[in-house]
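What follows is the residue order along each chain.
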Amino acid sequence: HDGYVAFNDADIKALFGPAFTAHVGRKAHRFWIPLLGLYAALRISEASQLRPADFVNVDGIACVRVTGESVGES
């Protein structure tokens, strides 16, 4: 109802197939941002603003902290 349609298996295979590897090249952000979107359900803007301090361990569970502001901002 919101205009978005979920990706199906064929879409995911197309997005993360051989063309993905070619697109990534040697640029880490081209690798990690799409994978964070896929596995953590993050939007591009959310994944793009993450910093190392946003990857935390809570009670032995690896977590990604997504907030409205960057860590260290007032």
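Here the structure is a predicted model, which means the values were calculated and not measured. (Residues numbered from 1 in each chain as written. Predicted model: local features only at pLDDT ≥ 70, side-chain atom pairs only at ≥ 80, totals over all residues. Heavy atoms only, no water.)

*Asks:* Which parts of the structure should I look at to understand the overall build of the protein chain?
*Replies:* If you tally the helices and strands in the protein chain, you get four helices and two strands. Along the first, second and third principal axes, the C-alpha set of the protein chain runs to 40 × 40 × 25 Å. Here the protein chain, with 74 residues, has 15% of them falling under the buried criterion. Sequence separation of 24 or more characterises 5% of the internal contacts of the protein chain that already satisfy a separation of 6 or more. Accessible surface computed for the protein chain: about 6200 Å², of which carbon and sulfur atoms make up 59%. In the protein chain, 7 positive and 8 negative side-chain charges are present, and the distance between their average locations comes to 13 Å. (Helix = DSSP H or I, 4+ residues; strand = E, 2+ residues; numbered from the N terminus. Buried < 20%, exposed > 50% of the residue type's maximum accessible area, 1.4 Å probe, protein only. Contact = heavy atoms within 4.5 Å. Areas by Shrake-Rupley, 256 points an atom, 1.4 Å probe, with all protein chains shown as cover. Lys, Arg positive; Asp, Glu negative; His and termini not counted. Charge placed at Lys NZ, Arg CZ, Asp CG, Glu CD.)

*Asks:* Even after reading the chapter, I still don't get the pattern of salt bridges, so can you show me in this structure?
*Replies:* Any two side chains of opposite charge can pair, so long as their charged atoms come close to each other. Overall, the coordinates contain two salt bridges when judged by the stated rule. One salt bridge connects Glu 46 with Arg 43, and the closest N-O pair in it is separated by 3.3 Å. A salt bridge links Arg 65 to Asp 54; its shortest N-O distance comes to 3.8 Å. Separated by eleven residues along the polypeptide, Arg 65 in the segment after strand E2 (61-64) and Asp 54 in the loop between helix H4 (44-48) and strand E1 (55-58) bring together distant segments of the chain. (Salt bridge = Lys/Arg side-chain N within 4 Å of Asp/Glu carboxyl O.)

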